[in-house]
Every structure is written in C-alpha cells, then in structure tokens.
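# Geometric and topological summary
Below are the chains, spelled out letter by letter.
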Amino acid sequence: MPAISASAPGKIIVFGEHAVVYHRPAIAAPVSVVAARAIIRAEPGRFPGGVRIQAPGIGLETELDQLPQAHPLAAAVAAACRELGVARLPACTIRITSTIPVAAGLGSGAAVSVALIRALSSFLGRPLPDERVNALAYEVETIHHGTPSGIDNTVITYRRAVYFFRDRPIEFLQVPRPFTIVIGDTGIASPTAAAVTRVRQSWQADPPRYERLFDRAGQVAEQARRRLEGGEPQALGSLMDENHAILCELGVSSPELDRLVAAARAAGALGAKLSGGGRGGNMIALPAPGRTEEVARALAAAGARRTLITEIHGA
Ligand code: PMV
C-alpha cells in the first residue's frame, strides 16, 4: 500500500488578533509558501497498534503510546480515531514534517493537526469533510491554547481567507484584487497561550479600557473587509498601522516587532503590524506596488531572521 499524505498551509492574521478571542471580528489568510505535511505508511510486518511517530523537525521519534495523552500529536490521533470509531490503529509509521516556523504566529500547531487528521482519516479509508477536520483540529488547539478563538484551524482547514467571528458560521472573504504581503520573522519564539493569558489578566484588571481597545480592533477589521471586498487592497495600509497601535496598547508588541514594523514602513510599506499572538513571532507589511523586494530586504537588514512573500486572494 502506498504511503498516504496530506498537507496544510500556514496562516497569517491580517486584522483583529486577540480581540477575536473576545468576540470581535478578525481577518486571516492562508500562507501556502509554507506547509505542514503528514505521511502515513502501513507497516504490515509490525504488531497491530504498533504506531511509530517521527517528527524530525522537533527531534521526536517514538512509539505513539509513549507520548502523553495531552501531546498535540497524540491528541490529534486520538481525536481522529474517536471520530471514526477506530479503537486500534493498524500498524504504521506517521511522519510529520513542516516548513512553518514553530511558535511564531504562523499557525504551525493547527497546520500539523489538520494535516495529521486528514492523512489519518484517508489512511483509514474514510476521508473526513473539512467541517469535521476543522472541529477536531479546534479540539486539539484547546489543549495547548486554553481559549483559542478557532481562527487558526478554520483558515488552515479551508485554505481560504476568512472574516471570522468566534462561535458564528464561517464567512469566506471575496478578494477581487489579490495583493502581496511581506512577512518578517523576529526569530523570537512566543507561545500564543502566554500572550493570550497576559491580555486576559490586563482585561480582568481594567475591563472598560480593554473592551474599548477590542471594539476599536473590531471596527478596523470591519473597515478592512469593506476595502478588501471593494477591490481596494492598497487602502488597507493605514488600517494595519492603526491595528498595530491597538496591539501595542494591548501590550503584545515588543521592541523587535516595532523595529521591523518601522523598517517596513520606511522602505515603502503602506502599512505594517504584528501578526498573531505577538511578543515575538512575525509581523506583516503591505508593500506599495513595486516595492515588495525592497520591503523584504529592509526587514532582513533590520534583523528579520526570515522573510516570506505571500499573495492574498479569495473566493
Ligand atoms: O496562533 P497565533 O499566534 O497566530 O495567535 C492566534 C490569534 C490570537 O487571537 C492571539 C489567539 C486566538 O485564539 O485567536
């Protein structure tokens, strides 16, 4: 039997991170230049239930039953098996590879879960529909995030730009004029859960102030949607700047992120902001037409460990 494989892209949050946890709208888009992949190979010679997991990117090679239940890989396998009513997997090797930087706000955890759940369900002969893959990936996200909004698993499962409200039906964005975004990585690992906890503590200490900031972020996302769907992506720059200012007030930026944001603007970006949980990880910039390479070079010169160029388009 040939190996079964499935992949899932990375993602960026274009507007509304953190506020989305508090039921304000946000916009996210897939980033297909990076991806996670799960490859499953049957091992008929091995004893039933003998499942080997290899994830060379994080130095992991072990038997599935040696992983703690709360390990995201074990949790994704368990969720897929429960969904399909499979008590014991046929003997196999599961190999996970990914080009998505870890703990950087690009959705690496959700992408691994989506790829693994998809590959496993195909391996078991019953490929799951997107809706179920999304629900199971969300379950896995709750183990390491606590209170995820669900935006990461949604945009990654459907591979389409979304206008996202927590606990509401998914709305895909129309993007009549595709546009380019440059992503700059500070190289500083920043687990999302820590940033989300910090915002929660600040909100609990001063709810009116934080509710106002979340409202402003929600309004920015709403305006961005109108400009995007109206075919005016260049008009998003000032909204990105405004969103970054709100994220600074929320306390989730960092000197490194601010430096990259400033460098992008100085090199001809129409706007720039941190993207994802913040306090490290990635920022994004909207280059003026013809300035993409210049913005990417300026980010590298300002200390970005890596830059990616991605195109945002929609249904
Ligand atoms: O996974 P990250 O770092 O892109 O963060 C997700 C966005 C947050 O709004 C900060 C958290 C969430 O669950 O929506």
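Preceding this paragraph is the structure being described.
The following refers to the structure shown. (Residues numbered from 1 in each chain as written. Predicted model: local features only at pLDDT ≥ 70, side-chain atom pairs only at ≥ 80, totals over all residues. Heavy atoms only, no water.)

## So, the pattern of salt bridges
- Enumeration according to the criterion identifies 16 salt bridges in this entry.
- Across the pair D152 and K11 runs a salt bridge whose closest N-O atoms are separated by 3.2 Å. Highlighted residues: D152 in helix α4 (residues 151-158) and K11 in strand β1 (residues 4-15), separated in sequence by 141 residues. In this structure, D152 and K11 share a single accessibility class: buried.
- For the salt bridge of R209 with E249, the shortest nitrogen-to-oxygen distance reads 3.8 Å. Separated by 40 residues along the polypeptide, R209 in helix α6 (residues 207-229) and E249 in helix α7 (residues 237-249) bring together distant segments of the chain. (Salt bridge = Lys/Arg side-chain N within 4 Å of Asp/Glu carboxyl O. Helix = DSSP H or I, 4+ residues; strand = E, 2+ residues; numbered from the N terminus. Buried < 20%, exposed > 50% of the residue type's maximum accessible area, 1.4 Å probe, protein only.)

## Focus: the environment of G278
- Mapped onto the elements, G278 comes out in the loop between β9 (269-275) and β10 (282-287).
- For the pair G278 and S253, spaced 25 residues apart in the sequence, the C-alpha separation amounts to 5.6 Å.
- Beyond its immediate sequence surroundings of up to four residues, G278 is in contact with S190, V252 and L257. (Contact = heavy atoms within 4.5 Å.)

## Description of the packing of aromatic side chains
- Enumeration according to the criterion identifies 4 aromatic pairs in this entry.
- Measuring from ring centre to ring centre gives 6.0 Å for Y163 and F165, while their planes differ by 85 degrees; the resulting arrangement is edge-to-face. Comparing Y163 with F165 shows no difference in burial state: the two are buried.
- Grouped by ring-pair contacts, the aromatic residues Y22, W203 and F214 constitute a single cluster.
- In this structure, R168 packs its charged tip against the face of F165, placed 3.6 Å from the ring centre. (Phe/Tyr/Trp six-rings, centres within 6.5 Å; stacked < 30°, edge-to-face > 60°. Lys NZ or Arg CZ within 6 Å of the ring centre and 35° of its normal.)

## Quick notes on the nonpolar core
- In this structure, I12, F15, L73, I94, L116, I181 and M283 are the most contacted members of the largest nonpolar core, which totals 106 residues.
- It is helix α2 (residues 108-123) that contributes the most residues to this core, 10 residues altogether.
- Filtering out sequence-adjacent residues up to four positions away, I94 remains in contact with I39, I40, V51, R52, I53, Q54, V77 and L116. (Core = buried A, V, L, I, M, F, W, Y, C linked by side-chain atoms within 4.5 Å.)

## Examining the packing of α2 against α4
- Interaxial distance between α2 and α4 falls to 9 Å at its minimum, and their mutual angle equals 50 degrees. In terms of orientation, α2 lies oblique with respect to α4. Considering the relative orientation of α2 and α4, their crossing is right-handed. Contacts between α2 and α4 involve A110, A111, V114 and R118 from the former and D152, N153, I156 and T157 from the latter.
- Grouping the amino acids of the contact of α2 with α4 by side-chain chemistry returns 4 nonpolar, 2 polar and 2 charged. (Axes fitted to C-alpha atoms, helices over the stretch in contact; angles between N-to-C directions. Parallel < 35°, antiparallel > 145°, perpendicular 65-115°, else oblique. Left-handed = near helix turned anticlockwise from the far one by under 90°. Nonpolar A, V, L, I, M, F, W, Y, C, P; charged D, E, K, R; others polar.)

## Things to note about the pairing of strand β2 (residues 26-42)
- Inspection of the sheet shows β1 paired to β2 by 11 bridges, in the antiparallel sense. In the strand pairing of β2, S5 is matched with I39.
- Sheet analysis places β2 next to strand β6 (residues 162-164), joined by 3 bridges and oriented antiparallel. Each residue of the ladder has a partner; that of A26, found in β6, is F164.
- Bridging between β2 and strand β5 (residues 92-98) involves 7 bridges; their strand directions are antiparallel. Counted as the bridge partner of R41 is T93 from β5. (Pairing = 2+ DSSP bridges.)

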